[in-house]
Amino acid sequence: MWSFETDPDFQQELDWIDQFVRDEVEPLDHVLGSQWNINDPEFQRLVRPLQKQVQERGLWACHLGPELGGKGYGQLKLALMNEKFGRSRFGPIVFGSQAPDTGNAEILAHYGTPEQKKRFLDPLLENEIVSCFTMTEPQGGADPLVLEASAVREGDEWVINGEKWFASNARFASFYIIMAVTDPDAPPYRRMSMFIVPADTPGIEIVRNYGFYGEPQDTHAHLRWTNVRVPAENMLGEQGDAFVVAQVRLGGGRMHHAMRTLAQATRAFEMMCERAVSRFTKGEQLAKKQMVQEKIADSWVELRQFRLLILETAWLLDQGHDYKATRKNIAAVKTVMPRILNDISARALQIHGSLGISHDMPFAEWIINSCHIGLADGPTEVHKVTVAREVLKDVQPAQGQFPDYLKSELVRRAREKFGLKAEE
């Protein structure tokens, strides 16, 4: 049976999340710096009480299974939740579901030793610490097959050397999860392994922190690793398993990012609509202008289409389809994200006129963020290639010179099927 209904009890929780985020969480965006700067006294004063309310409500870290203290919600419920708290940059961390910590927690839950889970995973789940996932490199960008940072085995240790690029939140992290080459002569997808490295390990240097427009602090690090030594047991998974380990964190995270993007685009849409009915020009309401109506209509339709694509993909995952089986759907979601946010934010900016480009409006920040999400977790172009390949892999070529759906051929087969004489 097909249904678009939400369970009434869960809808009550969604309604509470929506109001709580609007009233209590969104204001944090305007008075605090980075949401990963958890040692900031103002974070302690303002955010911790909100996290406590979420925990008491039973909505903390709901992506985790009960064995890790979460609700074990499936992707569909998580998508609906992210649609609500994605309105605020502090929303995810107030609900214990912020990236990259969620993905890193998944990796540790799957591959960490009991001691590593106690040292890193437990405090990470409680947001007592934050973490960093570092894969990309200055020379490699989005292509993991050209990574150069290496890890060489010396006795019971691995020695890591190299540079990493745009390592988000490295300056606040208590530990890193790093991908490094351990067997340069192996097949391409078996060359690399994953390691957990405490941030205070000697030899790790932040060369410089980079930021982009709209972020309150520069938090994306250029890291240099010089003879960084870690115990052999700090390898996550087996040697050469880096790509396998990475997939544990990517699929679900992309879905959560998508719903948060939807939330931000929805905010832009709401502002656009309010402006349209509030502003008058040339003797009438902006909302009466046909070109404004076109922008609003296009935006509403695109939001609904995007939302349904996300929810369908989340539903498929909940039906037991793994990330490999749904990679086409996940890649499709990823390709739509930046365009939706960019287009709707740009329309909202235009309808606000000169006010729209000012620092008092968020639209320029959201347009830049659309570029950010079009690069993070793989650029849009890569995901479009994935969609096309997945669509075409099971399509069979025509047997003859011409396609068998030529009208003349279809007519011939139809007449044959119904016992009619061939046309003269």
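Quick caveat: nothing in here was measured; it's all calculated off a predicted structure. (Residues numbered from 1 in each chain as written. Predicted model: local features only at pLDDT ≥ 70, side-chain atom pairs only at ≥ 80, totals over all residues. Heavy atoms only, no water.)

Successive side chains on a regular strand alternate, one facing one side of the sheet and the next facing the other. Across nine bridges, strand 3 (residues 157-168) lies against strand 7 (residues 220-231) in antiparallel orientation. Paired with Ile-160 across the two strands is Val-228, which belongs to strand 7. By the bridge criterion, six bridges tie strand 6 (residues 204-210) to strand 7 in an arrangement that is antiparallel. By the bridge assignment for strand 7, Arg-208 is matched with His-222. (Pairing = 2+ DSSP bridges. Helix = DSSP H or I, 4+ residues; strand = E, 2+ residues; numbered from the N terminus.)

Next up on the list: the nonpolar core. Ranked by size, the top nonpolar core spans 86 residues in total, and within it Met-81, Val-94, Phe-95, Met-194, Phe-306 and Ile-310 carry the most contacts. Tallying contributions element by element places helix 7 (residues 242-278) first for this core, with 13 residues. Setting aside chain neighbours within four positions, we find Phe-95 in contact with Trp-16, Ile-17, Phe-20, Val-21, Val-54, Leu-59, Trp-60, Ala-61 and Phe-85. Grouped together as the second largest cluster of nonpolar side chains are 20 residues, Trp-158, Tyr-176, Val-197 and Trp-225 included. (Core = buried A, V, L, I, M, F, W, Y, C linked by side-chain atoms within 4.5 Å. Buried < 20%, exposed > 50% of the residue type's maximum accessible area, 1.4 Å probe, protein only. Contact = heavy atoms within 4.5 Å.)

This part is about the environment of Glu-137. Secondary-structure assignment places Glu-137 in the loop between strand 1 (131-134) and strand 2 (150-154). Of the residues examined, Glu-137 reaches a relative accessible area of 1% and is grouped as buried. A sequence separation of 182 residues divides Glu-137 from Gln-319, and the C-alpha atoms of the two residues are 36 Å apart. Once residues lying within four places of it in the same chain are set aside, the contact partners of Glu-137 are Val-146, Leu-147, Glu-148, Ala-149, Glu-163, Lys-164 and Trp-165.

Before going further, it helps to spend a moment on helix 2 (residues 41-57). The first and last C-alpha atoms of helix 2 sit 25 Å apart over 17 residues, in line with the 24 Å expected at 1.5 Å per residue. Considering bend angle alone, the principal kink of helix 2 is centred on Val-47 and spans about 35°; proline Pro-49 follows within four residues of it. Residues of helix 2 that are buried: Phe-43, Val-47, Leu-50, Gln-51 and Val-54. Buried-residue contacts for helix 2 involve helix 1 (8-25) and helix 4 (91-94). The residue sitting at the N-terminus of helix 2 and contributing the capping side-chain oxygen is Asp-40; that oxygen lies 3.0 Å from the backbone nitrogen of Glu-42. Following helix 2 by one or two positions, Gly-58 has its phi on the positive side, about 80°. (Expected span 1.5 Å × (residues − 1). Bend = angle between axes of the 7 residues up to and from the residue. Polar contact = N/O pair within 3.5 Å; in protein donor to acceptor, adjacent residues only side chain to side chain.)

All right, on to helix 1 then. Taking 1.5 Å per residue as the helical rise, helix 1 with its 18 residues ought to reach 26 Å, and the 24 Å between its terminal C-alpha atoms agrees with that figure. Along helix 1, the residues that are buried comprise Phe-10, Glu-13, Leu-14, Ile-17, Asp-18, Phe-20, Val-21 and Val-25. Among the structural elements, helix 2, helix 3 (75-85) and helix 4 are those in contact with the buried residues of helix 1. The N-cap of helix 1, judged by a side-chain oxygen 3.1 Å from the amide nitrogen of Asp-9 a few residues on, is Asp-7.

In this structure, Pro-100 follows Ala-99 across a cis peptide bond, with omega equal to 0°. Inspection of the secondary structure puts Pro-100 in the loop between helix 4 and helix 5 (101-111). Backbone geometry at Ala-61 places phi at a positive 45°, although glycine is not the residue there. Position of Ala-61 among the secondary structure elements: in the loop between helix 2 and helix 3. For Ala-61, a relative accessible area of 1% puts it in the buried group. Residues other than glycine seldom take positive phi values, yet Phe-166 does so here, at roughly 55°. Among the secondary structure elements, Phe-166 is positioned in strand 3. The partly exposed category is assigned to Phe-166, whose relative accessible area is 31%.

To continue, consider a nonpolar patch on the surface. On the surface, Trp-2, Phe-4, Leu-308 and Trp-315 cluster together into a nonpolar patch covering about 500 Å² of accessible area. Residue classification places Trp-2 among the exposed residues on the basis of a relative accessible area of 57%. (Patch = residues over 30% accessible without salt bridge, like charges linked within 9 Å, V, L, I, M, F, W, Y side chains within 5 Å. Areas by Shrake-Rupley, 256 points an atom, 1.4 Å probe, with all protein chains shown as cover. Salt bridge = Lys/Arg side-chain N within 4 Å of Asp/Glu carboxyl O.)

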